[in-house]
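The chain contents come next:
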Amino acid sequence: MGNRIKNMSQTPTCPDLQTLFLDQNELSNVCDDFFNFMPSLKVLNLSHNRLCKLPVGVSKLVSLQYLDLSYNLTIQELSVELKALTNLKCLSLEYMIRLKTIPCQLMSNLQRLHTLRMYGCGTSVEDGTEDSDLFDGGGGEILVEECDRLEYLNVLSLTLGSYIALQRLLSSVKLQSCTQSLFLKGFHESMSFNISALATLKHLCVLEIHEWTGSDIVNVQKIREPSSFYSLHDIKISNCNSFRDLTWIVFIPNLKFLFIVRCAAMEEIINVEELGEVPEMMSDLFPFQKLRFLTLWNLYNLKSIFGKALPFPNLREISVLLCPKLKKLPLDSNSAKEHKIVIEGQEEWWKELQWEDEATLNAFLPCFRSHR
């Protein structure tokens, strides 16, 4: 690993080799016969390379149990030869951003799979074509159905591109129990979406919503059990121009990372008036208690994060870039008494910030770091 290898053109004979790490190289080509004589290979890591396709000879790896192809950014299609890897237990395809095609019944053929990681797959749009739809010319509906047929699957991360695919995921008891990361991209449906539907994903840790052009997320009145999102700690929202706020994140008690970028209509992160419609929420509301990193970039209409100062016992960094209407942060002199918060932004924005009082200004003046 990490040897800057660019080409594998020979055919080695390694009958007893069980583990091969070729990750973090510059591999763009592996000859078709390279894996022909590695019948005992169980672990193969090809992640973080520049492969455009897999060699045909990968079908000879009949003993393979672990295959990592993640972060190969130029592979557009998985080869049908992967169907031969019937002993595979773990398959990682994360951040193969140009992956568009998965052969029919490939996943359902890998009946021994325990772990399938497909977070960030097919998220790149290229050459003016339509969105990179996985597997079926849709948003992943058939992919979800095939995953549901994997008897031993217990760890799943997925990228979905349609409301129908998401509904199929949420209707499966098995997939509810094993989904850990979910990337929702390019939802264009006009119906409103109730975020509480995701509460059935008890082990969901990471949620990313990208290019949501349909209706806004439904209001918080329909969410009543914040503990349902106990595992969720990482939320990323980008290019969602219908979102005016993210008030529903108050129901994420263990949120550690919040990244929001390029949401043109967003005016506030948490709408206190909307929370007022749920009186039981207002009596003892202190969001962001576990938050460590808050990133707000290119939110040109954002005016408020929260309507009052909050304690941030775990916050390490706030990063603000191109949010010209955000004139005040939810901080006072008691917000971070026990540790130092880094506040990153542009010099001009920092100079125009309004503070709760002189004590707050003095407390956070040393915390500023100019955005590079």
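Peer 1: Help me understand the overall build of the chain, please; the structure alone is not making it clear to me.
Peer 2: Scanning the chain from terminus to terminus reveals 8 helices and 16 strands. Once local pairs closer than 6 in sequence are excluded, the contacts in the chain between residues at least 24 apart make up 61%.

Peer 1: What's the story with the packing of aromatic side chains in this structure? I'm lost.
Peer 2: In this description, an aromatic ring pair is defined by two values, namely the gap between the centres and the angle between the planes. Following the criterion strictly, the structure yields 13 aromatic pairs and no others. Note on Phe-34 and Phe-35: the rings are 5.0 Å apart at their centroids and 85 degrees apart in plane angle, and the pair reads as edge-to-face. When its relative accessible area of 6% is taken as the criterion, Phe-34 is described as buried. What makes Phe-35 buried here is its relative accessible area of 1%.

Peer 1: Help me understand the environment of Ile-343, please; the structure alone is not making it clear to me.
Peer 2: Turning to its location among the elements, Ile-343 is positioned in strand 15 (residues 342-345). The exposure class assigned to Ile-343 is buried, which follows from its relative accessible area of 0%. Leaving out residues up to four positions away in the same chain, Ile-343 has contacts with Ile-318, Leu-329, Leu-331, Trp-349, Trp-350, Phe-364, Cys-367, Phe-368 and Arg-369.

Peer 1: Would you mind going over helix 2 (residues 141-148) with me for this structure?
Peer 2: Those residues of helix 2 not exposed but buried are Glu-141, Leu-143, Val-144, Glu-146 and Cys-147. Structurally, helix 2 contributes buried residues whose contacts are with helix 1 (106-109), strand 7 (115-117), strand 8 (155-160), helix 3 (163-170) and helix 4 (173-178).

Peer 1: Looking at this structure, how should I read the packing of helix 2 against helix 3?
Peer 2: Relative placement of two packed helices is described by the angle separating their axes and the distance separating the axes. The geometry of helix 2 relative to helix 3 is characterised by a closest axis approach of 8 Å and an angle of 15 degrees between their N-to-C directions. In terms of orientation, helix 2 lies roughly parallel with respect to helix 3. Crossing geometry of helix 2 relative to helix 3 is assigned as right-handed. Contacts from Glu-141, Ile-142, Val-144 and Glu-145 of helix 2 reach helix 3 at Ile-164, Ala-165, Arg-168 and Leu-169. Partitioning the contact of helix 2 with helix 3 into residue classes produces 5 nonpolar, no polar and 3 charged.

Peer 1: I keep staring at the pattern of salt bridges and nothing clicks. Help me out?
Peer 2: Pairing between side chains becomes possible if they bear opposite charge and their charged atoms approach one another. Considering all chains together, one arrives at 9 salt bridges under this definition. For the salt bridge of Lys-6 with Glu-26, the shortest nitrogen-to-oxygen distance reads 4.0 Å. Of this pair, Lys-6 sits in the segment before strand 1 (7-8) while Glu-26 is found in the loop between strand 2 (19-21) and strand 3 (29-30), placing the two residues 20 residues apart along the sequence. Arg-369 is the partner of Glu-317 in a salt bridge, and the nearest nitrogen-oxygen pair spans 3.1 Å. Here the residue Glu-317 occupies a position in strand 14 (residues 317-321), and Arg-369 occupies one in strand 16 (residues 368-370), the gap between them amounting to 52 residues. Three or more residues are tied together by salt bridges with common partners; here these are Glu-317, Glu-344 and Arg-369.

Peer 1: Got a minute to help me understand the nonpolar core in this structure?
Peer 2: Soluble globular proteins tend to bury their nonpolar side chains together. Leu-182, Ile-249, Ile-269 and Leu-296 are the most contacted members of the largest nonpolar core, which has 110 residues in total. Per-element tally for this core: the top contributor is helix 3, with 5 residues. Here Ile-269 is in contact with Asp-245, Leu-246, Thr-247, Ile-249, Leu-258, Ile-260, Phe-288, Leu-296, Leu-302, Ser-304 and Ile-305, once residues within four sequence places are set aside.

Peer 1: I keep staring at empty space enclosed by the protein and nothing clicks. Help me out?
Peer 2: In this approach, a probe sized like a water molecule rolls over the atoms, and the result shows the empty space that is left. Inspection of the entire model under this criterion finds 2 cavities of 30 Å³ or more. Looking at the second largest cavity, its volume works out to about 30 Å³. Along the walls of the second largest cavity sit Leu-201, Lys-202, Leu-204, Ser-228, Phe-229, Tyr-230, Ser-231 and Leu-232, which together make up its complete lining. Residues belonging to the lining of the second largest cavity are distributed by class as follows: 5 nonpolar, 2 polar and 1 charged.

Peer 1: What should I look at first to understand the pairing of strand 8 in this one?
Peer 2: On a regular strand, each side chain points to the face opposite its neighbour's, so the side chains alternate between the two faces of the sheet. Summarising burial for strand 8: 6 of the 6 residues are buried, a large majority. Going residue by residue along strand 8, you find Val-155, Ser-157 and Thr-159 tucked away on one face and Leu-156, Leu-158 and Leu-160 tucked away on the opposite face as well.

Peer 1: So what exactly am I meant to see when it comes to helix 3 here?
Peer 2: In an α-helix, one turn spans 3.6 residues, which is why side chains three or four residues apart end up on the same side. Turning to helix 3, its buried residues are Tyr-163, Ala-165, Leu-166, Leu-169 and Leu-170. Taken around the axis of helix 3, the buried residues stretch over an arc of 160 degrees, which confines them to a single face. Among the structural elements, helix 2, strand 8, helix 4 and strand 9 (179-185) are those in contact with the buried residues of helix 3.

Peer 1: Would you take a moment to explain the confidence of the model for the chain for this structure?
Peer 2: Reading predicted coordinates in detail is not appropriate for stretches of low pLDDT. Averaged over every residue, the pLDDT of the chain is 89; the share at 70 or more is 88%. Note on residues 126-133: pLDDT under 50 across the span, and 16 contacts to partners over four residues away in sequence or across chains.

What counts, and at which threshold
Residues numbered from 1 in each chain as written. Predicted model: local features only at pLDDT ≥ 70, side-chain atom pairs only at ≥ 80, totals over all residues. Heavy atoms only, no water. Helix = DSSP H or I, 4+ residues; strand = E, 2+ residues; numbered from the N terminus. Contact = heavy atoms within 4.5 Å. Phe/Tyr/Trp six-rings, centres within 6.5 Å; stacked < 30°, edge-to-face > 60°. Buried < 20%, exposed > 50% of the residue type's maximum accessible area, 1.4 Å probe, protein only. Axes fitted to C-alpha atoms, helices over the stretch in contact; angles between N-to-C directions. Parallel < 35°, antiparallel > 145°, perpendicular 65-115°, else oblique. Left-handed = near helix turned anticlockwise from the far one by under 90°. Nonpolar A, V, L, I, M, F, W, Y, C, P; charged D, E, K, R; others polar. Salt bridge = Lys/Arg side-chain N within 4 Å of Asp/Glu carboxyl O. Core = buried A, V, L, I, M, F, W, Y, C linked by side-chain atoms within 4.5 Å. 1 Å grid on protein atoms, 1.4 Å probe; cavity = no way out; pocket = protein on both sides within 12 Å on 5 of 7 lines; lining within 4 Å. Points joined across faces, edges and corners; volume = space filled by probe spheres on them. Arc of directions from axis to C-beta. pLDDT = per-residue confidence, 0-100.

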